[in-house]
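Residue-level structural notes
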Amino acid sequence: RLKENSAHLVIVTLDVFEDGIHYDEETECFRRILADVNRQLAEMADRVTRVIYGIPVTIKACRGED
């Protein structure tokens, strides 16, 4: 619904698997759910950019963009 009602929509989320730490069962469940949400958002998105130490890396671009 957000995308349908917005001219431009930006969603900022976390990559929760970068720290290499194993957490308790409840936290691991949260991390798996967040990863699934991120994956679904990326599939619906026109553009996906990952920022690594302040450097934007294009993961998925709009048609005609490189």
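Keep in mind that what you see is a predicted model, and the values were worked out from it rather than measured. (Residues numbered from 1 in each chain as written. Predicted model: local features only at pLDDT ≥ 70, side-chain atom pairs only at ≥ 80, totals over all residues. Heavy atoms only, no water.)

**Concerning the pattern of salt bridges**
Here the structure, examined in full by the defined rule, presents three salt bridges. The residue Glu 28 makes a salt bridge to Arg 31 at a minimum N-O spacing of 3.3 Å. Note that Glu 28 and Arg 31 are positioned in helix α1 (residues 25-44) at a spacing of three residues, about one turn of the helix. Among the residues examined, Arg 31 registers a relative accessible area of 7% and is labelled buried. A salt bridge links Arg 39 to Asp 36, with the nearest nitrogen and oxygen atoms 2.4 Å apart. On the criterion of helical spacing, the pair formed by Arg 39 and Asp 36 is a turn pair, its members being three residues apart in helix α1. The exposure class of Arg 39 is partly exposed, given its relative accessible area of 48%. Classification of Asp 36 as partly exposed rests on a relative accessible area of 35%. (Salt bridge = Lys/Arg side-chain N within 4 Å of Asp/Glu carboxyl O. Helix = DSSP H or I, 4+ residues; strand = E, 2+ residues; numbered from the N terminus. Buried < 20%, exposed > 50% of the residue type's maximum accessible area, 1.4 Å probe, protein only.)

**Considerations on α1**
The terminal C-alpha atoms of α1 lie 29 Å apart, and with 20 residues this matches the ideal 28 Å at 1.5 Å per residue to within 8%. Along α1, the positions that sit buried rather than exposed are Glu 28, Arg 31, Leu 34, Ala 35 and Asn 38. The buried residues of α1 all sit within an arc of 120 degrees when viewed along its axis, so they share a single face. When the buried face of α1 is taken as reference, the exposed residues oriented beyond 90 degrees from it are Glu 25, Glu 26, Glu 43 and Met 44. Two or three places before Glu 26, at the start of α1, stands the capping residue Asp 24, its side-chain oxygen 3.1 Å from that residue's backbone nitrogen. (Expected span 1.5 Å × (residues − 1). Arc of directions from axis to C-beta. Polar contact = N/O pair within 3.5 Å; in protein donor to acceptor, adjacent residues only side chain to side chain.)

**Side note on the confidence of the model for the chain**
Confidence along the chain averages 87 in pLDDT terms, with 95% of residues attaining 70 or more. Looking across the chain, the model is least confident in strand β1 (residues 48-52), with a mean pLDDT of 91, and most confident in strand β2 (residues 55-60), with 94. (pLDDT = per-residue confidence, 0-100.)

**Focus on the pairing of β1**
As paired strands, β1 and β2 are joined by five bridges and run antiparallel to one another. Within the sheet, the bridge partner assigned to Val 51 lies in β2 and is Pro 56. Between β1 and β2, which pair antiparallel and follow one another directly, the connecting turn spans two residues, one of which, Tyr 53, has a positive phi of 50 degrees. (Pairing = 2+ DSSP bridges.)

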